[in-house]
Amino acid sequence: MRISASLTSILSLLLLVCCGPKDSDQADAQAESYKLVQTVYHGGDILTMDGETPNYVEAVVQREGRIIFVGSKKDALDRFKDKAEIVDLKGKTLLPGFIDAHSHFSVAVQMVNQQNLSVPPVGPVTDIASLQQALVEFQQERQIPPGEWVVGYGYDNEGLAEGRHITKMDLDEVLPDHKVLVIHVSQHGGVLNSKGLEWAGVTAETETPKGGIIARMPGSQEPAGLLMETAWIPIFAKVPTPSDDELLKLLDAAQQMYASQGYTHAQDGAAFITQMRFMERAVDSGLLYLDLVSLPNVVDMPKWIDSGEFTFGEYIGHLKFQGVKLLQDGSPQGKTAYVSKPYLTGGPDGQKNWRGETTFPTDEFNGYIQRVLDKGLQVFVHANGDATIDEVIAAIKKAGITAEDDRRPVVIHSQFQRPDHLDQYVELGLQPAYFTNHTYFWGDVHIKNIGRDAADFISPVMAAKAKGLVYSNHSDFNVTPLDPFFIMWTARNRITRNGIILGEDQRADPYTALQGITTGAAYQVFEENRKGKIKEGMLADFVILDKNPLKTEGQALKEIKVVQTIKEGQVVYPQ
């Protein structure tokens, strides 16, 4: 009451000074009309995530986007019931809003104009025929004319009944008059049909770039359609996209993909300069209502690093450029991750003794790391294979960075860590951003490709926690679904599609699983004092669930529903 009264008095005095005595009645009326926007939540499980064990409170109060009270229901109602909206949770659960530790928001914006070619349970494709059918149906539904692009996402060759990659011939068979692009589920490659390859200028004479793959037709140099890694990046970068005005119209739908899953914070995990500028335009237009952390891609760094065009490390509106993203290997399911021992099944194009390759030569990679750190920016490195993780460790050591410097370099995925890596993460302050969804979607594939021992230690959440490391967990959307409950389920269960438990000793307890998408994710982007907990002074970012994930077991965990998502006190889902 004292806060409200004093603020009203100050407003009244200012208006009196401005308007003079003859306008005092009007000034009093204006001051009285100013009402603080406050909300009291009570009546359900309120899990604060504040501490290393579960902590519940009876009530929380937010005022104009900030948490101002956490405590008992009685105290909350005694202090605020006459000047706040009262929300009875009616047995539902209130948590901090979920934090996306790694995904590709710009891809989500464009997905609206692409066909889902994922395998179950994410999509409808089980074989080449069903993939072809999905593309044709999309072309007919959207009435895409001959000569234009038909694009699909989520293609997973490991999930096809035929057990092989599709080729340009498979795509030409059903859409010979269109340019067709089928994006691999890893986001590290794609398959083009003949017209697409012609547009890209990829022919039998095109040399395979270092760190890349151009699959060839058997017995020839003729491109088969599949491009990966460095052979893929420049092609994908120039595929026509909607105009900025068209993309702005899709921003709400993209944000709702996240908000409907309880996220109040999203990440754009490898932004090119055009996407950076587009997101700034979105802020200027007032169209971003979720927080978005953008990681500019290192390949565009020469265009902006010395220009001063972008501000790093602080929010402008709901947008923050956080650090620089380096892609240093590929995907383990695509067999382009760089590993220390050869893949048991050979390379993606039949190579023998195949270990994958790095994106950048070691000296160039080290130079990028040093330059980013010298600029005072945070480093984010995509590293899946254990040999790539070795390179990250060596580069950070060479740069002279240790945990005491608190630079928090994030190793995105950190999938095939070896046990000996963990102590070096601790020493250097490296942050593991894990991807436990892989245990389900490609766990069986990893056993086949790299062997059971390495597969059992994929995303070793509990081993990292035992060392005192702060970890996060993510979807890498659209590689796997945004679904936070699926992420928690894979962290807790680590069960493959075929029912094999990968690394039973790495199964996370419920609270640890939840930390990966709340407190851990906040810490890795220097926001542990701003979000990820329900605590006085922090943002009023909440999600209301129909069940408490800490009290839900088995398959039921994946069936939890988001009732409301609240960003800084405002309901953003449902709209």
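Described in the following lines is the structure provided in the data block. The shown structure was predicted, so the numbers you read here are calculated from the model rather than taken from an experiment. (Residues numbered from 1 in each chain as written. Predicted model: local features only at pLDDT ≥ 70, side-chain atom pairs only at ≥ 80, totals over all residues. Heavy atoms only, no water.)

**What to know about the sheet that holds strand β6 (residues 98-99)**
And step 1. If you walk across this open sheet you meet the four strands as β6-β13-β14-β15, and the pairing is parallel. A strand with exactly one partner marks an edge of an open sheet, and here the two such strands are β6 and β15 (319-321).
And step 2. In terms of strand pairing, strand β13 (residues 263-271) meets strand β14 (residues 291-296) through five bridges, oriented parallel. Following the sheet pairing, Gln 267 is matched in β14 by Val 293. (Pairing = 2+ DSSP bridges. Helix = DSSP H or I, 4+ residues; strand = E, 2+ residues; numbered from the N terminus.)

**A look at the side chain of Thr 48**
And step 1. When you line up the elements, Thr 48 lands in the loop between β1 (38-47) and β2 (56-63).
And step 2. The residues contacting Thr 48, other than those within four sequence positions of it, are Asn 55, Val 57, Val 70, Pro 96, Gly 532, Lys 533 and Ile 534. (Contact = heavy atoms within 4.5 Å.)

**Focus on the environment of Gly 262**
And step 1. On the secondary structure map, Gly 262 appears in the loop between α9 (244-259) and β13.
And step 2. Owing to a relative accessible area of 0%, Gly 262 belongs among the buried residues under this scheme.
And step 3. If we skip the residues at most four places from it in the chain, Gly 262 touches Gly 97, Phe 98, Val 543, Val 562 and Thr 565. (Buried < 20%, exposed > 50% of the residue type's maximum accessible area, 1.4 Å probe, protein only.)

**Some details on unusual backbone geometry**
And step 1. Following Pro 120, the chain continues into Pro 121 via a peptide bond in cis, with omega recorded as 5 degrees.
And step 2. Summarising the element assignment, Pro 121 is placed in the loop between β7 (115-116) and α5 (128-142).
And step 3. In the segment running from Tyr 573 into Pro 574, the intervening peptide bond is cis, with an omega of -5 degrees.
And step 4. The residue Pro 574 is located in the segment after β23 (570-573) in this model.

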